[in-house]
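# Structural overview for review
Listed below are the residues making up each chain.
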Amino acid sequence: MTVTLRPAAVDDLMAVGALHQRSRVAAYSAFLPAEALADPTPEAMGAYWTERWTWERDEHRMTVVERDGRLVGFSYLGPDDEGDPATGLLNAIHLDPAEQGRGTGRALMVDALDAMRARDWSRAVLWVLASNAHARRFYERGGWTPTGTARDEHVGPAVTPQLRYARRL
């Protein structure tokens, strides 16, 4: 089995959207109601990523991972959402649910941290759903710690408390 990490291309974005939707449903269904995860559809999520990438591709970096030629995960990073020029924001790591526990998420995290260092950022931050214990453990094993900052965002109609994590690069 061959696993390959590479920069995303425009042709990947619809598949990224479908994977993102599958990942969200699998990761969040234990603590969010089904109606919160019903939208957007995989197609709408692909359109979202296509639009977002159009505007952010110069400042952001998306990496996709393929296993035997099939897209199984992606990461997305860019500048800090609070404007700190020394800090990068890990916007997302999402995996196909069947890819969990195979080291793919870890490979994406290591790749993202290396890319942040290459941009001369000295600190990395991310937001994680407070109820997503699996993701929180994953990031904590990777050296991330909660900063004490929280916010509420929406996933569909559901209010989702999020925690900010950080780590030195």
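Our subject is the structure that appears above.
Report follows, based on the coordinates. (Residues numbered from 1 in each chain as written. Predicted model: local features only at pLDDT ≥ 70, side-chain atom pairs only at ≥ 80, totals over all residues. Heavy atoms only, no water.)

## Here's the deal with the side chain of Q162
With respect to the secondary-structure elements, Q162 resides in strand β7 (residues 158-168). A relative accessible area of 11% places Q162 in the buried class. Contact partners of Q162, with chain neighbours within four places excluded, come to W127, V128, L129, A130, T149, A150, R151 and E153. (Helix = DSSP H or I, 4+ residues; strand = E, 2+ residues; numbered from the N terminus. Buried < 20%, exposed > 50% of the residue type's maximum accessible area, 1.4 Å probe, protein only. Contact = heavy atoms within 4.5 Å.)

## Notes on the packing of aromatic side chains
Under the definition given, this model contains 7 aromatic pairs. Considering the side-chain rings of Y139 and W144, the 6.0 Å spacing of their centres and the 75° angle between planes classify their relative orientation as edge-to-face. The class of Y139 is buried, set by a relative accessible area of 8%. Joined through ring pairs, the aromatic side chains of Y48, W49, W53, F74 and Y76 make up one cluster. Over the face of the ring belonging to W127 we find R151, whose NZ or CZ atom lies 4.0 Å from the ring centre. (Phe/Tyr/Trp six-rings, centres within 6.5 Å; stacked < 30°, edge-to-face > 60°. Lys NZ or Arg CZ within 6 Å of the ring centre and 35° of its normal.)

## Digging into the packing of helix α1 (residues 13-28) against helix α3 (residues 42-56)
Orientation of α1 relative to α3, taken along the N-to-C sense of each, is 125°, at an axis distance of 7 Å. Between α1 and α3, the angle is such that the two are oblique. The two elements α1 and α3 cross, and the hand of that crossing is right-handed. Contacts from L13, M14, V16, G17, A18, H20, Q21 and R24 of α1 reach α3 at P42, E43, M45, G46, A47, W49, T50 and W53. (Axes fitted to C-alpha atoms, helices over the stretch in contact; angles between N-to-C directions. Parallel < 35°, antiparallel > 145°, perpendicular 65-115°, else oblique. Left-handed = near helix turned anticlockwise from the far one by under 90°.)

## A closer look at the sheet that holds strand β5 (residues 123-129)
Taken in spatial order, the 7 strands of this open sheet run β1-β2-β3-β4-β5-β7-β6, and their pairing is mixed. Two strands bound the open sheet, and with one partner strand each, they are β1 (3-7) and β6 (145-155). For this sheet the average axis-to-axis angle between neighbouring strands, irrespective of direction, equals 25°. One ladder, built from 7 bridges, connects strand β2 (residues 61-67) with strand β3 (residues 70-79); its direction is antiparallel. Looking at β3, one finds that V65 is bridged to G73. Strands in contact with helix α4 (residues 104-118) are β1, β2, β3, β4 (87-95), β5 and β7; relative to β4, the strand with the most contacts, it is inclined by about 160°. Packed onto the sheet, helix α5 (residues 133-141) meets β4, β5, β6 and β7 and runs at close to 165° relative to β5. (Pairing = 2+ DSSP bridges.)

## Looking at α5
Along α5, the residues that are buried comprise A135, F138 and Y139. Down the axis of α5, the buried set is contained in an arc of 90°. They therefore lie on one face. Those residues of α5 that are buried lie in contact with β4, α4 and β5. Immediately beyond the C-terminal end of α5, within one or two residues, lies G143, with a positive phi of roughly 95°. (Arc of directions from axis to C-beta.)

## A few points about the pattern of salt bridges
Tallied over the entire structure, the rule returns 14 salt bridges. Here E99 and R67 are joined by a salt bridge, their closest N and O atoms 2.6 Å apart. You can see E99 sitting in the loop between β4 and α4 and its partner R67 sitting in strand β2, a full 32 residues away along the chain. We note that E99, like R67, is buried. D81 is paired through a salt bridge with R164; the nearest N and O atoms lie 2.9 Å apart. Taken together, the positions of D81 in the loop between β3 and β4 and R164 in strand β7 put the pair 83 residues apart, joining distant regions of the chain. One connected set of salt bridges, linked through shared partners, spans D80, D81, E82, R151, E153 and R164. (Salt bridge = Lys/Arg side-chain N within 4 Å of Asp/Glu carboxyl O.)

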